[in-house]
Amino acid sequence: LGILELQYDIDGKQVYPRASVGICLAGDEFDSSDAEELLRNADVAMYMAKRDSKGSYRVFEPAMHERVVERLELQAELQRALELGQLEIHYQPVVRLDERRDYGVEALLRWMHPTRGTIPPLNFIPLAEETGLIVPIGRWVLREACRQGVRLHERFPRTPPLTMSVNLSVKQLQSETIVDDVRDALELSGLPASALVLEITETVMMADTDLAVQRLHELKSLDVLLAMDDFGTGYSSLSYLSRFPVDILKMDRSFLSSEHDESGLAAAIIALGNSLSLDVVAEGIELPEQISSLQEL
């Protein structure tokens, strides 16, 4: 691995290659007929090395094969989950603390598997990202959430109307179709653009800053609201924050932890939002004392 990480000069350009290595150990009684299985197991170990961290190595263990097989099965099932109607959207309220009334809702994707039960997003969203399935799934979420947003407006008319928040992944933000996907969802449902909040995590925005700025301005031209999700957990600077045309900062739930006194950081984020004329949303409020603390701030 050390040799592979050395710098090379190719056509006048400095290149820094990296390698992921899978290792499978053969016993003393190794037979040439076992070569295919040995290579397969080494390949599985290499796959795990790539998944866990680039530029590392893993030694094959029997449990690895089981995890890879389970992952492949899950991938095949996820490809059909959308057409079989196994994906559902649950809605979490967003509440104004000063008025104690609903401001809107956030759409949360869930996979209701017929035999595995409810599969948490952390178990299938990364898989959808890797395979590219997140783009068609995300397109469906946008359309379904906008459709439900219109139903909310009909059932609970408000001025201003209740908002519908939808998360965008890194693959969606990078997709050439994302602006058209959002525009189509709005037009098909009839939801006012000003009632749709698109949430993008801070780390996604910072992954490719120039592309993120371009995409966010394109989305902003549709008159939707943009939120920076999980704010405070990434590494954005104030100069970058001023470049993003966001309307809302969503404070990560870790700042509300009852185990640590994070009120100073929460106050700083609220003050930052105020100075930039941004709304601030606190995630994961579950206790009365958290409400009281935030109301004071």
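Report follows, based on the coordinates. (Residues numbered from 1 in each chain as written. Predicted model: local features only at pLDDT ≥ 70, side-chain atom pairs only at ≥ 80, totals over all residues. Heavy atoms only, no water.)

What follows covers the overall build of the protein. Of regular secondary structure, the protein possesses 11 helices and 12 strands. The principal-axis extents of the C-alpha atoms in the protein amount to approximately 75 × 45 × 45 Å. For the protein, the residues scored as buried account for 38% of the 297 residues in total. In the protein, 65% of the contacts between residues at least 6 apart in sequence involve partners at least 24 apart. (Helix = DSSP H or I, 4+ residues; strand = E, 2+ residues; numbered from the N terminus. Buried < 20%, exposed > 50% of the residue type's maximum accessible area, 1.4 Å probe, protein only. Contact = heavy atoms within 4.5 Å.)

Before going further, it helps to spend a moment on the pattern of salt bridges. Here the idea is simple: oppositely charged side chains can pair when their charged atoms come close. Here the structure, examined in full by the defined rule, presents 13 salt bridges. Among the ionic pairs, K250 bridges to E106, the shortest N-O distance being 3.1 Å. Residue K250 is found in strand β11 (residues 248–251), and its partner E106 is found in strand β6 (residues 101–113); the two are separated by 144 residues along the sequence. The exposure classification of K250 matches that of E106, with both residues buried. Linked through salt bridges whose partners overlap, the residues forming this network are E106, E199, K250 and E283. (Salt bridge = Lys/Arg side-chain N within 4 Å of Asp/Glu carboxyl O.)

Before going further, it helps to examine the nonpolar core. Counting residues in hydrophobic clusters, the biggest one holds 62 residues, and the most contacted among them are V182 and L198. When residues no more than four places from it in sequence are discounted, the contact partners of L198 are L142, V166, L168, V182, L219, V224, L225, L226 and A227. Formed by seven residues, the second largest nonpolar core is a distinct cluster that contains V44, A45, M48 and M64. (Core = buried A, V, L, I, M, F, W, Y, C linked by side-chain atoms within 4.5 Å.)

On to a nonpolar patch on the surface. Taken together, the side chains of I3, L6, Y8, I10 and V15 make up a nonpolar region of the molecular surface, amounting to roughly 470 Å² of accessible area. Examined against the element boundaries, Y8 turns out to sit in strand β1 (residues 8–10). According to the relative accessible area criterion, Y8 is partly exposed, its value standing at 38%. (Patch = residues over 30% accessible without salt bridge, like charges linked within 9 Å, V, L, I, M, F, W, Y side chains within 5 Å. Areas by Shrake-Rupley, 256 points an atom, 1.4 Å probe, with all protein chains shown as cover.)

All right, on to the packing of aromatic side chains then. One pass over the structure, following the stated rule, counts one aromatic pair. Measuring from centroid to centroid gives 5.6 Å for W111 and F124, while their planes differ by 80°, and the two rings are edge-to-face. Placement of the pair is W111 in strand β6 and F124 in helix α3 (residues 121–131), with a sequence separation of 13 residues. (Phe/Tyr/Trp six-rings, centres within 6.5 Å; stacked < 30°, edge-to-face > 60°.)

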